[in-house]
Number of protein chains: 2
Amino acid sequence: MDRHQTEKDDEASGQGRPTLKTLAFMTGLGVTTVSRALKDAPEIGAETRRRVQLVARQIGYRPNRAGVRLRTGKTNVISLVLNTEREIMSFVSDIIYGVSEVIADTPYHLIVTPYSRSQDPLDPIRYLVETGSADGVIISRTQPNDPRARYLLERGIPFATHGRTDMGLIHPYHDFDNYAFATEAVRHLTGIGRRRLALLAPPVELTYHSHTLNGFTDALSEVGANEIPFNTVSVDHSIEQIRMRTAQLMRRDVRPDGFVSSAAAATLAIVAGIEDAGLKLGRDVDVVSKQSSDLLHLFRRELLVVNENFRLAGAELARSVLGWIGGAAPGSLQSLSVPTEVLAYRRPD
Amino acid sequence: MDRHQTEKDDEASGQGRPTLKTLAFMTGLGVTTVSRALKDAPEIGAETRRRVQLVARQIGYRPNRAGVRLRTGKTNVISLVLNTEREIMSFVSDIIYGVSEVIADTPYHLIVTPYSRSQDPLDPIRYLVETGSADGVIISRTQPNDPRARYLLERGIPFATHGRTDMGLIHPYHDFDNYAFATEAVRHLTGIGRRRLALLAPPVELTYHSHTLNGFTDALSEVGANEIPFNTVSVDHSIEQIRMRTAQLMRRDVRPDGFVSSAAAATLAIVAGIEDAGLKLGRDVDVVSKQSSDLLHLFRRELLVVNENFRLAGAELARSVLGWIGGAAPGSLQSLSVPTEVLAYRRPD
DNA sequence: GTGACAATTTGTAACGTTTCAGTATATAGA
DNA sequence: TCTATATACTGAAACGTTACAAATTGTCAC
């Protein structure tokens, strides 16, 4: 009965990671006081607060994530949900870096939650929510009527979408202004004398399909040029498919003299198709393409490009999610990125 | 004294996520029994085991990660450590997908831990170890004498490296056989009559620099061809730099008639530089390049390519780390990926 | 019927954190 | 001097899990 209570608490100075108990032992305070002192709670004396924080910094105290998570439910995790087959390559790496940049000096970790073609896109979201694995979610490939956004809104889980929805519901998003991209592309092409334009659009199910298509057709009627239908393929199709369809199209009597392409990889295929048909880029046809890294001008100098910055998108999305978690109004966390002008090749200095 | 102990445990049937307590309540067993029944402990009766597992499946029980992690220290997390400035773009996305594929039906989550140019590469590793944030780590950009590998070995943290080290220490790795790549490339180039070859190598500090270089020079002396030094740039340099240096090189009296390039993006720059100097690919010079996605042949049909599969690398690395965590010998978790042969353009069917 | 033994099952404590409901001390008001 | 009130601090309980030590039950030999 003598040594009994004493022993168990004592060795708080042990060599393992410091915990609140360690700090309590070192400062001579109670665990509760230390906990509150570290988060600037009001009822802690100014000197005590400073003292605790000093010691904590000195010994490199870091709150145990599992402890916090178990007690509070807060995971300090943001999940990026990605389709393992269909995402644009540079999108994945750039968006991850953008997110990382923003969460770098926060306690947040980034987890990547993949889903494959065969799965319901709602599956990974359900998993995250049911297991409480993240405080916030970032989703891509957003649809006008997006079940994932609806689901997350219903459960009150903070999230942000890359691309907008169209359900009359308010949530954070970041989007590239694809309407503006398409109109600018059409204006540029007609400005250099092209009259019969084809659009390689995003997949129909995604919201930015109609944004792009509307910009394209609105600008066409504005300038009085013609659309050559090219909707048997989208940027989601394989390089080979796009190449083949392009070649078929270019062998017709009425063929486009201008293309607008929503993705860089697809543009490579379009150009290949054009050349398969024996035509020449810049002479017989011009192509305006979005790109996210600066490679298209190395590919063919005749290409016309508009840049989309995915790293920025990642940063904005992360900021939005953190903002929502922090209590900001979802409606105030929406942003739209304005396209650069259409850029022709410039010789390096 | 009558209702006192009773109340607190009772409402285990509540609507929140089911826990062991919920299962215990439903089966009429103790929490401990349920816990052990779920992990097939030997001292649980066969029928009890089945009953518990059935109920658990029915109500969709999932162990609380925070609870497990707090109690056992097991995080069920694999961390992929990436340099946010220098990684190859397709590497990031493919390796993530490769890892995801392998951990998909395990309880593991993948977290991405980034570090930037300015940081010591050891920083993120230290962070992971000190905070106990992961059960296993995957690192890239491996060096012959890699402080990260050494550090992790010292602490006994399971990890796998993309690329080998050369410290006389044993650890899991996955590597592409860059020696074989370089020798094959040289043999192919000399086979089509090229005699003066230049190598665009990986950065000197990485292990695969010397693998590549050795393969290159060994094959050169084997076939009796000459090296044109080109070591002012590496694949880590900017597109503009490589392009400029290539153009300079190609304007010299003694210029290469063949290139071996260790990365696809760099190859675009090499070709641009060749063309800047007024020379023609396939006629004046041939280029053999590694690529990780099938785009180089769209770029220039004259290019000769060797494929490196990063998705496979990700999968192998994940398998290695999980293997080590599962108790396998580190030395048994090493793999080398054999290059494809050198591939010329093939017209699509 | 008793004791020994194996086969099952169980309560308690602990991981590190935060919240709740306090206690102790000082300060002020009467 | 006493009660009220604010200030500063504190122990106990809980989140969900697993390890430990112990308890309960049944079986069998004697």
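Here, the structure is the one placed above.
Residues numbered from 1 in each chain as written. Chains lettered and ligands numbered in written order. Predicted model: local features only at pLDDT ≥ 70, side-chain atom pairs only at ≥ 80, totals over all residues. Heavy atoms only, no water.

Visitor: Residues and numbers for the protein's contact with DNA strand C, please.
Guide: Around DNA strand C sit 25 residues in total, of which Leu20(A), Lys39(A), Tyr61(A), Arg71(A) and Gly30(B) are the nearest. A breakdown of the atoms of DNA strand C within 4 Å of the protein gives sugar and phosphate a share of 59%. At 2.8 Å from a phosphate oxygen of DNA strand C is found a side-chain nitrogen or oxygen belonging to Ser35(A). Going through the elements one at a time, helix H2 (20-27), helix H3 (31-38) and helix H5 (65-72) of chain A together with helix H3 (31-38) and helix H5 (65-72) of chain B are the ones with two or more residues in the surface near DNA strand C. Considering every element that reaches the surface near DNA strand C, the biggest residue donor is H5(A), with 4 residues. Among the residues making up the surface near DNA strand C, the classes are represented as 8 nonpolar, 12 polar and 5 charged. (Near = heavy atom within 4 Å. Polar contact = N/O pair within 3.5 Å; in protein donor to acceptor, adjacent residues only side chain to side chain. Helix = DSSP H or I, 4+ residues; strand = E, 2+ residues; numbered from the N terminus. Nonpolar A, V, L, I, M, F, W, Y, C, P; charged D, E, K, R; others polar.)

Visitor: Before we move on, can you summarise the packing of H5(A) against H5(B) with the specific residues and values?
Guide: To describe two helices that pack against each other, one gives the angle between their axes and the distance between the axes. The geometry of H5(A) relative to H5(B) is characterised by a closest axis approach of 8 Å and an angle of 140 degrees between their N-to-C directions. For the element pair H5(A) / H5(B), the angle class is oblique. When you trace H5(A) past H5(B), the crossing you get is left-handed. Between H5(A) and H5(B), the residues in contact are Arg65(A), Ala66(A), Gly67(A), Arg69(A) and Leu70(A) and Arg65(B), Ala66(B), Gly67(B), Arg69(B) and Leu70(B), respectively. Residues that form the contact of H5(A) with H5(B) fall into these classes: 4 nonpolar, 2 polar and 4 charged. (Axes fitted to C-alpha atoms, helices over the stretch in contact; angles between N-to-C directions. Parallel < 35°, antiparallel > 145°, perpendicular 65-115°, else oblique. Left-handed = near helix turned anticlockwise from the far one by under 90°. Contact = heavy atoms within 4.5 Å.)

Visitor: Describe in detail the layout of surface pockets, supporting the description with residues and values.
Guide: The computed volume of the second largest pocket comes to approximately 1,200 Å³. Along the walls of the second largest pocket sit 40 residues, with Tyr127(A), Arg62(B), Thr106(B), Pro107(B) and His109(B) positioned nearest its centre. If you list the elements that add at least two residues to the lining of the second largest pocket, you get strand E2 (109-115) and helix H7 (122-130) of chain A together with helix H2 (20-27), H3, H5, helix H6 (89-103) and strand E2 (109-115) of chain B. Top element by residues in the lining of the second largest pocket is E2(A). It accounts for 5 residues. In terms of residue class, the lining of the second largest pocket is built from 20 nonpolar, 12 polar and 8 charged. (1 Å grid on protein atoms, 1.4 Å probe; cavity = no way out; pocket = protein on both sides within 12 Å on 5 of 7 lines; lining within 4 Å. Points joined across faces, edges and corners; volume = space filled by probe spheres on them.)

Visitor: How would you sum up the sheet that holds strand E10 (residues 304-307) of chain A? Please name residues and give values.
Guide: Residue and element names in this part refer to chain A. The sheet built from 5 strands is open, its strands ordered E7-E6-E8-E9-E10 with parallel pairing. Strands at the two margins of the open sheet, each flanked by one partner only, are strand E7 (226-227) and E10. Looking at chain direction, strand E9 (residues 286-291) and E10 are connected through 4 bridges and run parallel. Considered in E10, the bridge of Val288 is made with Leu304. (Pairing = 2+ DSSP bridges.)

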